[in-house]
Every structure is written in structure tokens, then in C-alpha cells.
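Below are the chains, spelled out letter by letter.
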Amino acid sequence: MAFYKIAWKRSAQKEARSLEKKELLKILGTVESLATNPHPTGSKKLVGSEHSYRVRVGDYRIIYNVLQSELIIEIIRVRHRKEAYSK
């Protein structure tokens with residue numbers, strides 16, 4: 001079984017730091033689990049993108065890219081569900 005490397009965009013790190021500690025711990029646990037299973041139960045592919053997926057953690061969404069050829073999971077966004085998909 002291949003393990004993926006987790007890479008955070010700087011903007012996603014900033015968004016995660018602004019969360020409450022309780023929510024942040026849940027999100028970090030989910031992100032760490034993506035290293036072994038990039039498509040967990042409940043993850044969905046985003047329409048209009050080749051490599052982007054989202055996973056739900058409570059009221060928050062983690063939006064990430066899966067780069068299969070390089071074994072990298074790139075965390076793009078960590079936002080509340082109301083704001084997660086706005087550009």
C-alpha cells in the first residue's frame with residue numbers, strides 16, 4: 001500500500017489556523033487519514049475538475065487534489081460549508 005505525502009497550500013494553512021481547536025483537531029485527523037486512503041467514505045469528486053475532491057468534517061469541508069502519479073495529496077481549502085465552494 002502506497003502512502004501519500006500531504007502538502008498544504010499556504011492559504012489552507014491560514015484558514016485552518018483560524019479555526020477553533022476542537023474543530024482543528026478533527027480536521028487534522030481527517031487530513032492525516034487521507035495519506036493512507038485518499039478516497040475515504042463520504043469523499044466526493046468536484047464537478048469540473050480532474051483531480052479535486054472534498055470530504056466533510058462536521059460543518060467544514062476539506063477540498064483537496066489527489067496527484068496519483070506523484071503520490072501527493074494537496075490540501076487546497078479548509079472552510080465552513082457555506083463558504084467552501086465560492087471563488
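Residues numbered from 1 in each chain as written. Predicted model: local features only at pLDDT ≥ 70, side-chain atom pairs only at ≥ 80, totals over all residues. Heavy atoms only, no water.

Okay, the pairing of strand β4 (residues 60-67) next. In terms of residue burial, β4 counts as a mostly covered element, since seven of its eight residues are buried. When strand β3 (residues 52-57) meets β4, the two strands line up antiparallel, connected through six bridges. Bridging across to β4, R56 finds its partner in R61. Hairpin connection, β3 to β4: the antiparallel pair is bridged by two residues, and G58 has positive phi, about 65 degrees. Of the strand pairs in this sheet, β4 and strand β5 (residues 72-80) are connected by eight bridges, and their pairing is antiparallel. Considered in β5, the bridge of V66 is made with I73. The antiparallel pairing of β4 with β5 creates a hairpin that spans four residues between the two strands, and L71 there sits at a positive phi of about 55 degrees. (Buried < 20%, exposed > 50% of the residue type's maximum accessible area, 1.4 Å probe, protein only. Helix = DSSP H or I, 4+ residues; strand = E, 2+ residues; numbered from the N terminus. Pairing = 2+ DSSP bridges.)

Bringing the packing of aromatic side chains into the picture now. Per the counting criterion, the structure on display carries one aromatic pair. Ring centres 6.1 Å apart and planes at 25 degrees place the aromatic pair Y53 and Y64 in the stacked group. With a gap of 11 residues between them, Y53 in strand β3 and Y64 in strand β4 connect regions that are remote in the sequence. By the burial criterion, Y53 is buried, and Y64 matches it. A cation over a ring is seen here: K45 above Y53, with NZ or CZ 6.0 Å from the ring centre. (Phe/Tyr/Trp six-rings, centres within 6.5 Å; stacked < 30°, edge-to-face > 60°. Lys NZ or Arg CZ within 6 Å of the ring centre and 35° of its normal.)

Here we take up the pattern of salt bridges. If the charged atoms of two oppositely charged side chains come close together, the side chains can form a pair. Counted under the stated rule, the structure contains two salt bridges. R79 is the salt-bridge partner of E15, the closest N and O atoms lying 2.8 Å from each other. Residue E15 is located in helix α1 (residues 10-17), and its partner R79 is located in strand β5; the two are separated by 64 residues in the primary sequence. Among the residues examined, E15 registers a relative accessible area of 15% and is labelled buried. With relative accessibility at 24%, the residue R79 sits in the partly exposed group. A salt bridge links D59 to R81, with the shortest nitrogen-to-oxygen separation between them at 3.9 Å. Residue D59 is found in the loop between β3 and β4, and its partner R81 is found in the segment after β5; the two are separated by 22 residues along the sequence. (Salt bridge = Lys/Arg side-chain N within 4 Å of Asp/Glu carboxyl O.)

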